[in-house]
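Given next are the chains, with one letter for each unit.
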Amino acid sequence: MKIQGHGQAAILSTQEERRLFVALGTERDRAVFGICLYCGCRISEALQLQVQDVSPTAITFRKGTTKGKQRTRQVPTAPRLAMILANYRRPTEGYLFPGRRPGSHLQRCRADQILKVATQKAGLQGVSTHSFRRTALTRMHNAGVPLAVIREISGHQTLAALQRYLEVEPEQMVVAVGAI
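All values reported here derive from a predicted model rather than from experimental measurement.

To continue, consider the pairing of strand 1 (residues 58-61). Of the two faces of strand 1, both are covered, the one formed by Ala58 and Thr60 as well as the one formed by Ile59 and Phe61. Looking at chain direction, strand 1 and strand 2 (residues 73-76) are connected through 4 bridges and run antiparallel. Looking at the pairing, Thr60 lines up with Gln74 of strand 2.

Structure (structure tokens):
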């Protein structure tokens, strides 16, 4: 668990996710973190989205805004994310999540502050902006989604890099040993 910036970000249970999304103050905040959760993306990738990058069927993460700046990727829009985005009054052009200064996007430090307040309201610990990415990738893995597909969605260059995100539950180990 992440404590004072050290350790890995917590993976959210479905119940914790619901509490957190209720605690988020605005539809914009739900949209920001909804994109992180349902696309398995980094907070910096979500914050740099342009209005035209979001369609009813997919979200496009341009290579210039990804960590390795290697390639553009598209992630299909999950039905739950579509509902979250439908409630967000988007700007008509520019950044999907505009900042205070004209032509800027919401800053990462502000997203961190928003999440900190929401996690306190929800009574959660160890949650950071990276929790949404870890939660998404772990849930896909637990649902039996092939690692190659998860890697494509997350934008990881290697399976080794992806596997650092996946958490193994004690129950999974019991089932695995029982299969022998």
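Right, let's talk about the layout of surface pockets for a bit. To find leftover empty space, one rolls a probe the size of a water molecule over the atoms. Quantified by volume, the second largest pocket comes out at close to 250 Å³. Lining the second largest pocket are Leu37, Tyr38, Val75, Pro76, Ala78, Pro79, Arg80, Ala136, Arg139, Met140 and Ile153. Within the residue set of the lining of the second largest pocket, elements represented by two or more residues are helix 2 (27-39), strand 2, helix 4 (79-86) and helix 6 (130-142). If one sorts the elements of the lining of the second largest pocket by residue count, helix 6 sits on top with 3 residues. Partitioning the lining of the second largest pocket into residue classes produces 9 nonpolar, no polar and 2 charged.

Positionally, Glu17 belongs in helix 1 (residues 14-23). On the basis of relative accessible area, Glu17 is assigned to the buried category, the value being 7%. Excluding anything up to four places from it in sequence, Glu17 contacts Leu12, Leu37, Tyr38 and Arg139.

Glancing now at the confidence of the model for the protein. Scored by pLDDT, the protein has a mean of 88; 91% of the residues are at 70 or more. By mean pLDDT, the top-scoring element of the protein is helix 2 (97), and the lowest-scoring one is helix 9 (residues 170-178) (71).

Turning our eyes to something else, we now look at the nonpolar core. Counting 45 residues, the largest nonpolar core has Phe33, Ile35, Ile59 and Phe132 as its most contacted members. Every element with two or more residues in this core is listed here: helix 1, helix 2, helix 3 (43-47), strand 1, helix 4, helix 5 (108-122), helix 6 and helix 7 (147-154). Broken down by element, the residue count for this core peaks at 8 residues, all from helix 2. With sequence-adjacent residues up to four places away left out, Ile35 is seen in contact with Gly40, Cys41, Ala46, Leu49, Ile59, Phe61, Leu81, Leu85, Leu96 and Phe97.

Take the packing of aromatic side chains next. Scanning all chains against the criterion turns up 3 aromatic pairs. For the pair Phe21 and Phe132, a centre-to-centre distance of 6.2 Å together with 85 degrees between the ring planes defines the contact as edge-to-face. Here Phe21 is found in helix 1, whereas its partner Phe132 is found in helix 6, with 111 residues between them in sequence. Note on accessibility: Phe21 and Phe132 belong to one class, buried. A network of ring pairs unites the aromatic residues Phe21, Phe33 and Phe132 as a single cluster. Directly above the aromatic system of Phe61 lies the positively charged group of Arg73, at a separation of 4.8 Å from the ring centroid.

The next subject is helix 7. All buried positions along helix 7 are accounted for by Ile150, Ile153 and Ser154. One side of helix 7 holds all its buried residues, which, seen down the axis, span an arc of 90 degrees. On its buried face, helix 7 sits against helix 2, strand 2, helix 6 and helix 8 (159-163). One or two positions beyond helix 7, positive phi appears at Gly155, with a value near 85 degrees.

The rules behind these values
Residues numbered from 1 in each chain as written. Predicted model: local features only at pLDDT ≥ 70, side-chain atom pairs only at ≥ 80, totals over all residues. Heavy atoms only, no water. Buried < 20%, exposed > 50% of the residue type's maximum accessible area, 1.4 Å probe, protein only. Helix = DSSP H or I, 4+ residues; strand = E, 2+ residues; numbered from the N terminus. Pairing = 2+ DSSP bridges. 1 Å grid on protein atoms, 1.4 Å probe; cavity = no way out; pocket = protein on both sides within 12 Å on 5 of 7 lines; lining within 4 Å. Points joined across faces, edges and corners; volume = space filled by probe spheres on them. Nonpolar A, V, L, I, M, F, W, Y, C, P; charged D, E, K, R; others polar. Contact = heavy atoms within 4.5 Å. pLDDT = per-residue confidence, 0-100. Core = buried A, V, L, I, M, F, W, Y, C linked by side-chain atoms within 4.5 Å. Phe/Tyr/Trp six-rings, centres within 6.5 Å; stacked < 30°, edge-to-face > 60°. Lys NZ or Arg CZ within 6 Å of the ring centre and 35° of its normal. Arc of directions from axis to C-beta.

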